[in-house]
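Below are the chains, spelled out letter by letter.
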Amino acid sequence: MTGHVLVAPDKFKGSLTAPEVAEAVASGLRDRVPGVETRCVPVADGGDGTVRAALATGLFEPARVRVTGPTGRRVSAEMAVNEDTAVVELAAASGLALLAPGEFDPLTASSFGTGELIAAALDRGVRTVVLGVGGSASTDGGAGMLAALGARFLDGSGVPIPRGGGGLDRLAEVDLSGLDPRLSAVDVVLASDVDNPLCGSGGAARVYGPQKGAGEREVRRLDTALERFAVLVGRASGHSPAERPGAGAAGGVGFGAMAVLSATFRSGSDVVLELAGFDRHLEGAALVVTGEGALDEQTLRGKAPGVVASRAVKAGVPAVAVAGQCALSASGLSEGGFSAVYALSHVQPNTRLSIRRAATLLHGLGEHIAEDWL
């Protein structure tokens, strides 16, 4: 075989991180074909796992910061930093995964900790902040994030409104005069695979509110409150990108970032692949192995494995996928650029055992891929 194998999977949620998936597959490839060159480039789409993907490049150092979690409890959040860039993950500070099992707080959960994480990045003197959003516990339009950076959100009496999306229905005034002045010298990149607008039937509250514990009445309240928030923020900032793709990302954090931080919205998968130098590693590859826990229609709509396969096909390199489960039809796999898929469910139908033994099973799939392709 001429050329190396590029192993570029996303995480298997609830089981293995992307770096762990990559190493398990690569070790199987090497065991079956000794001497084969493997290059592990873990990927992500802007959500949970983005920081780990950045750290796996070796170009960033980890930094831990104590911040305010979505419900007010202090949490330890990790970011990836170098001299120029900080990769900040909303899920680490304001994520749904930070809540106890079954715990939801749809009206008062806040993105405040994400703002604290951005402030910590500014303390390190970076010139670019990559804000990976996804898995948010809040629907506050990014008000909490902006408040942590110096913005003030006041009611009709000039009193700060409570944190969380529910408090936005009391908003009467937005004061941006106290924003951290360092923000003017920093480029903020909003990395996400979500292209929803802020409000309406396809907006943050309607689409994602139920996942965060919001019932129908709470969804209506949050959507109305976000409309109010968008109008008042627009007056204060000079523009209101509520209809722009990505405004509804992470409970509206996308809107707050674009409206006030002048963030540039980009595909999270594209951003992470650039940070990882994916195209450079793709040069000279004979095979690409990607994947994620569940390969389905969403994979083809901007998820990292779909973007990886697309780039591989354009480069004339075959791409195969590993997955916990695959819900894509043969035509869907072909449309996505996947030459084959290797699913754990085909080896171990018991989902619980498959999750528990994922590393061992992926090693075996790596061996099968080597047999079929190398």
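In this text, all values refer to a predicted model and were calculated from it rather than measured experimentally.

1. Observations regarding the nonpolar core
Core analysis: the biggest nonpolar cluster contains 65 residues, and Met79, Val88, Leu131, Met145, Phe153, Phe255 and Leu261 have the highest contact counts within it. Among the elements that take part in this core, helix 7 (residues 216-237) stands out by supplying eight residues, more than any other. Ala22, Val36, Val289 and Ala340 belong to the second largest nonpolar core, which has 24 residues in total.

2. Details of the packing of aromatic side chains
Summed over all chains, the structure comprises two aromatic pairs. Centre to centre, the rings of Phe153 and Phe229 are 5.7 Å apart; their planes meet at 50°, and the pair counts as tilted. In this pair, Phe153 is assigned in strand 7 (residues 152-154) and Phe229 in helix 7, connecting sequence segments 76 residues apart. Accessibility classification places Phe153 together with Phe229 in one group, the buried group.

3. Here we look at helix 7
Taking 1.5 Å per residue, 22 residues should reach 32 Å; helix 7 reaches 31 Å between its end C-alpha atoms and fits that length. Within the span of helix 7, buried status applies to Val219, Leu222, Asp223, Ala225, Leu226, Phe229, Ala230, Leu232, Val233 and Gly234. Looking at the packing, one finds that the buried side of helix 7 touches helix 5 (143-148), strand 7, strand 8 (173-175), helix 6 (204-208) and helix 8 (253-260). Gly238 sits one or two positions beyond helix 7 and adopts a positive phi of about 100°.

4. A few points about the pairing of strand 5 (residues 85-89)
Regular strands place side chains that alternate from one sheet face to the opposite one. With five of five residues buried, strand 5 is to be regarded as a mostly interior element. The side-chain alternation of strand 5 yields two buried faces, one formed by Thr85, Val87 and Glu89 and the other by Ala86 and Val88. As paired elements, strand 4 (residues 74-81) and strand 5 share two bridges and run antiparallel to each other. When the bridges of strand 5 are listed, Val81 appears paired with Ala86. Following strand 4, the chain reverses through three residues before pairing antiparallel with strand 5.

5. Regarding the sheet that holds strand 4
Spatially, six strands are ordered 3-4-5-6-9-10 in an open sheet, and the strand pairing comes out mixed. Each edge of the open sheet carries a strand with a single partner, namely strand 3 (61-68) and strand 10 (264-267). Across the sheet, the mean angle separating the axes of adjacent strands is 30° when strand polarity is ignored. Note that strand 6 (residues 128-132) and strand 9 (residues 187-192) share five bridges and pair parallel. Bridging across to strand 9, Thr128 finds its partner in Asp187. On top of the sheet, helix 4 (residues 112-123) reaches strand 3, strand 4, strand 5 and strand 6; it is set at about 135° to strand 3, its chief contact. Packed on one face of the sheet, helix 9 (residues 268-275) meets strand 5, strand 6, strand 9 and strand 10 and runs near 80° to strand 10.

6. Looking at the side chain of Thr114
Structurally, Thr114 is set in helix 4. Separated by 2.7 Å, the side chains of Thr114 and Ser94 make a polar contact. Once residues within four sequence positions are removed from consideration, Thr114 is found in contact with Leu90, Ala93, Ser94, Leu131 and Met145.

7. Considerations on the layout of surface pockets
By volume, the largest pocket is sized at about 1500 Å³. Lining the largest pocket we find 49 residues, and of these Lys11, Lys13, Gly47, Asp48 and Gly135 sit closest to its centre. In the lining of the largest pocket, the residues fall into 16 nonpolar, 17 polar and 16 charged. Each pocket or cavity is described by its volume, and for the second largest pocket that value is around 220 Å³. For the lining of the second largest pocket, a count of residues per class yields six nonpolar, nine polar and one charged.

8. Considerations on the pattern of salt bridges
Enumeration over the complete set of coordinates arrives at 19 salt bridges. Residue Arg152 pairs with Asp175 through a salt bridge whose shortest N-O separation is 3.5 Å. Placement of Arg152 in strand 7 and of Asp175 in strand 8 is noted, with a sequence separation of 23 residues between them. Of the charged contacts in the structure, one is a salt bridge between Arg182 and Asp180, with a shortest N-O distance of 2.8 Å. Since its relative accessible area comes to 17%, Asp180 is described here as buried.

9. Overview of the sheet that holds strand 2 (residues 38-40)
In spatial order, the strands read 2-1-11-12-13; together these five strands make up an open sheet with parallel pairing. Every other strand in the sheet has two partners, leaving strand 2 and strand 13 (338-343) as the edge strands with one partner each. Direction aside, the axes of adjacent strands within the sheet are offset by 25° on average. For strand 11 (residues 285-295) and strand 12 (residues 319-326), the ladder comprises seven bridges, and the chain directions are parallel. Directly across from Gly291, in strand 12, lies its bridge partner Val322. Helix-sheet contacts for helix 1 (residues 18-32) involve strand 1 (4-7), strand 2, strand 11 and strand 12, and the interaxial angle to strand 2 is about 175°.

Cut-offs applied
- Residues numbered from 1 in each chain as written.
- Predicted model: local features only at pLDDT ≥ 70, side-chain atom pairs only at ≥ 80, totals over all residues.
- Heavy atoms only, no water.
- Core = buried A, V, L, I, M, F, W, Y, C linked by side-chain atoms within 4.5 Å.
- Buried < 20%, exposed > 50% of the residue type's maximum accessible area, 1.4 Å probe, protein only.
- Helix = DSSP H or I, 4+ residues; strand = E, 2+ residues; numbered from the N terminus.
- Phe/Tyr/Trp six-rings, centres within 6.5 Å; stacked < 30°, edge-to-face > 60°.
- Expected span 1.5 Å × (residues − 1).
- Contact = heavy atoms within 4.5 Å.
- Pairing = 2+ DSSP bridges.
- Axes fitted to C-alpha atoms, helices over the stretch in contact; angles between N-to-C directions.
- Polar contact = N/O pair within 3.5 Å; in protein donor to acceptor, adjacent residues only side chain to side chain.
- 1 Å grid on protein atoms, 1.4 Å probe; cavity = no way out; pocket = protein on both sides within 12 Å on 5 of 7 lines; lining within 4 Å.
- Points joined across faces, edges and corners; volume = space filled by probe spheres on them.
- Nonpolar A, V, L, I, M, F, W, Y, C, P; charged D, E, K, R; others polar.
- Salt bridge = Lys/Arg side-chain N within 4 Å of Asp/Glu carboxyl O.

Such coordinate-based values are descriptive only and should not be taken to indicate function.
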